[in-house]
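Spelled out, the chains give:
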Amino acid sequence: MPSHLFADRPAPQPPERDAVEALINRTRLLRGDVDAVRRDTSVVDDDPQLRWQRALCELAVHQLDDLGEHLGQLRDGISDPADAGTVSEAAPRTTPEPSPGSLVGRVGSGEWNLLTDEVSWSDELYQIFGREPGTDPLSLDQLPSLLLAEDQPLLTTMVTDCLVDGRPMDGEFRILLPDGSIRTLHMMGEPVLDTDGCTASMWAVLRDVSRLRRSQHVVGRTRNALRSREERARAEHRVAVEFQEAVLPPWRGSLPVPGRGANGLDIAAHYQPSGSSDLIGGDWYDALPLPDGGTLLTVGDMTGHGVPATSAMAMLLGALRGMAVAGIAPGAVMGHLNQLIECSAQPALGSAVCCHFDPATNTLAWAQAGHPAPLLFRDGMGRPLPAPDGVLLGAASGVSYEQDQVNLLPGDVLLLHTDGLTRRNDRGACLDALIGLAPRFAQARTAQDCVRIVVEELGSTERLDDACVLVARVGV
């Protein structure tokens, strides 16, 4: 089939040298900026996000290097008007040796004459195929023998379409070099027709794109690793949320505790998520009526986030509830929880407060493990309770936890909380902020009102961690 391409078609006009030089300068500036970003991108082996970013920078640098080399060849092929017609025979123009890895050695051309069976290759094409210059170039019949077996049909189709149907060639294939290495080539070509419109020869440009494809492969691999990590993080987030929702008390707001009113407790609690919804921590709160007529009050916090933190929280809170129902005192409960962590396969650290309120005597027995002490608000004033000794859960083995007791009066407000209420988890700032709410607590009529005050004052703060607040108000 005759093609629209003819050997005697007019040649396009070359671009102006100054315009090409300007493009080269702009490419160099852009390449320098991208390379600076690449150098500033640190490489962390276990961070797919950073590996993907650096791979993209590497790919961009390689592509800009190729663009600069292309423009350089275009510029060098444009004669300077000032030098036109002044070629000196004494000083012939020489072509500099290509630098290792430069584009000059990675782009070559060849022509296959169908009428005479002659084949001509450029020196660069010999380099690309790993053959010594001066040896016989490969014919179209011999060329597929260098390709990997799975790529040979592609080249055969490209050549057939070009020679028979007059279609331009544009495709990639891989060749096996004499040293056993594999090289990826991009081939573009077209038929050259004689005056009768018949195919006389085929001309093609082949470019070694191995380095470019390797960079693209790295980008794809790191992108896939990043996507896998994100999908895994979303799945773990869902599991952590389900753990938390299954373990924390089903009630929100006020808890109906038997004996509420005179000598009873009015209880309310609130869970405050972190500023980033992706961070699900191991914070807990609970209030549980006990068989002896008392009430369990507890808050705690496991270190870390996600499934490890919520699963450890579920384990400890379940054990704490069981021991409280069994009548074990708060100090002993802390010791048993510490032993439980010590015996667990997954190491963990946590802090907790465990309180037992006896409505018959209005006494509060409590113990703590490396946790902020409960705050007692009375007569418009607030203060933390003196803390009995107790180290973090999981920090040491064979330790005992002291227990303290305090008498509560009708109208007293007891506030338990975890770290994370303030932006930087500053315990001092959190304590000052909560103590400053004492006058407002004195005007509050219910525990839920007190919780609402805390949320209004601290709930809008951008936090790095989640937090829990539990308020118990002694009936009057």
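Keep in mind it's a predicted model, so treat the numbers as computed, not measured.

**Student:** Sorry if this is basic, but what is going on with the sheet that holds strand E9 (residues 295-305) here?
**Tutor:** Adjacent strands of a sheet pair through backbone hydrogen bonds, lying either parallel or antiparallel. If you trace the 5 strands from one edge of the open sheet to the other, you get E8-E9-E10-E11-E14, paired in antiparallel fashion. Among the strands making up the open sheet, the edge pair consists of strand E8 (281-289) and strand E14 (404-407). For this sheet, the mean angle separating the axes of adjacent strands, direction not counted, is 15 degrees. Bridge count between E8 and E9: 9 bridges; the pairing is antiparallel. From the neighbouring strand, aspartate 286 faces E9, where its bridge partner is threonine 298. Sheet strands in contact with helix H6 (residues 306-325) are E8, E9 and strand E10 (350-358), and its direction is about 160 degrees off that of E9. Across the sheet, helix H7 (residues 330-343) lies against E9, E10 and strand E11 (363-369), angled at about 25 degrees from E11, the strand it touches most.

**Student:** Even after reading the chapter, I still don't get the pattern of salt bridges, so can you show me in this structure?
**Tutor:** Pairs can form between side chains of opposite charge once their charged atoms are near each other. Applying the stated criterion across every chain yields a total of 14 salt bridges. For aspartate 151, the salt bridge is made with arginine 174, and the minimal N-O distance between the two is 2.9 Å. One end of the pair, aspartate 151, is in the loop between helix H3 (123-128) and helix H4 (152-165); the other, arginine 174, is in strand E3 (residues 169-176), with 23 residues separating them in the sequence. A relative accessible area of 11% places aspartate 151 in the buried class. Residues arginine 321 and aspartate 286 are paired through a salt bridge, measuring 2.5 Å at the closest nitrogen-oxygen approach. Here aspartate 286 lies in strand E8 and arginine 321 lies in helix H6, a separation of 35 residues in the sequence.

**Student:** I'm lost on the environment of leucine 408 in this one. Help?
**Tutor:** Tracing the chain through its elements places leucine 408 in the loop between E14 and strand E15 (413-417). Overall, leucine 408 belongs to the buried group, its relative accessible area being 5%. For the pair formed by leucine 408 and leucine 364, sequence separation is 44 residues and the distance between their alpha carbons is 7.0 Å. Dropping the residues within four chain positions of it, leucine 408 is found in contact with Phe357, Asn362, Leu364, Leu376, Arg378 and Val474.

**Student:** What's the story with the sheet that holds strand E5 (residues 199-208) in this structure? I'm lost.
**Tutor:** Reading across from one edge, E2-E1-E5-E4-E3 is the order of the 5 strands in this open sheet, with antiparallel pairing throughout. Looking at strand neighbours, the two that pair on one side only are strand E2 (119-121) and E3, the edges of this open sheet. When the angles between neighbouring strand axes are averaged without regard to direction, this sheet yields 25 degrees. Across 9 bridges, strand E4 (residues 182-193) lies against E5 in antiparallel orientation. Bridged to glutamate 190 within E5 is tryptophan 203.

**Student:** What should I look at first to understand the packing of aromatic side chains in this one?
**Tutor:** Any pair of aromatic rings gets described here by the distance separating the centres and the angle formed by the planes. This structure, assessed with the given rule, holds 3 aromatic pairs. Ring centres of tryptophan 121 and tyrosine 126 lie 5.3 Å apart, and the angle between their planes is 65 degrees; this geometry places the pair in the edge-to-face category. As far as burial versus exposure is concerned, tryptophan 121 and tyrosine 126 are alike and both buried.

**Student:** Would you explain the nonpolar core in this entry?
**Tutor:** Taken as a class, soluble globular proteins show a tendency for nonpolar side chains to be buried jointly. Residues Trp284, Leu297, Met334, Leu364 and Leu470 are the most contacted members of the largest nonpolar core, which totals 46 residues. The element that contributes the greatest number of residues to this core is H6, accounting for 7 residues. By size, the runner-up hydrophobic cluster in this structure holds 23 residues, among which are Trp112, Leu140, Phe173 and Leu185.

Calculation rules
- Residues numbered from 1 in each chain as written.
- Predicted model: local features only at pLDDT ≥ 70, side-chain atom pairs only at ≥ 80, totals over all residues.
- Heavy atoms only, no water.
- Pairing = 2+ DSSP bridges.
- Helix = DSSP H or I, 4+ residues; strand = E, 2+ residues; numbered from the N terminus.
- Axes fitted to C-alpha atoms, helices over the stretch in contact; angles between N-to-C directions.
- Contact = heavy atoms within 4.5 Å.
- Salt bridge = Lys/Arg side-chain N within 4 Å of Asp/Glu carboxyl O.
- Buried < 20%, exposed > 50% of the residue type's maximum accessible area, 1.4 Å probe, protein only.
- Phe/Tyr/Trp six-rings, centres within 6.5 Å; stacked < 30°, edge-to-face > 60°.
- Core = buried A, V, L, I, M, F, W, Y, C linked by side-chain atoms within 4.5 Å.

Purely geometric numbers; function is a separate question.
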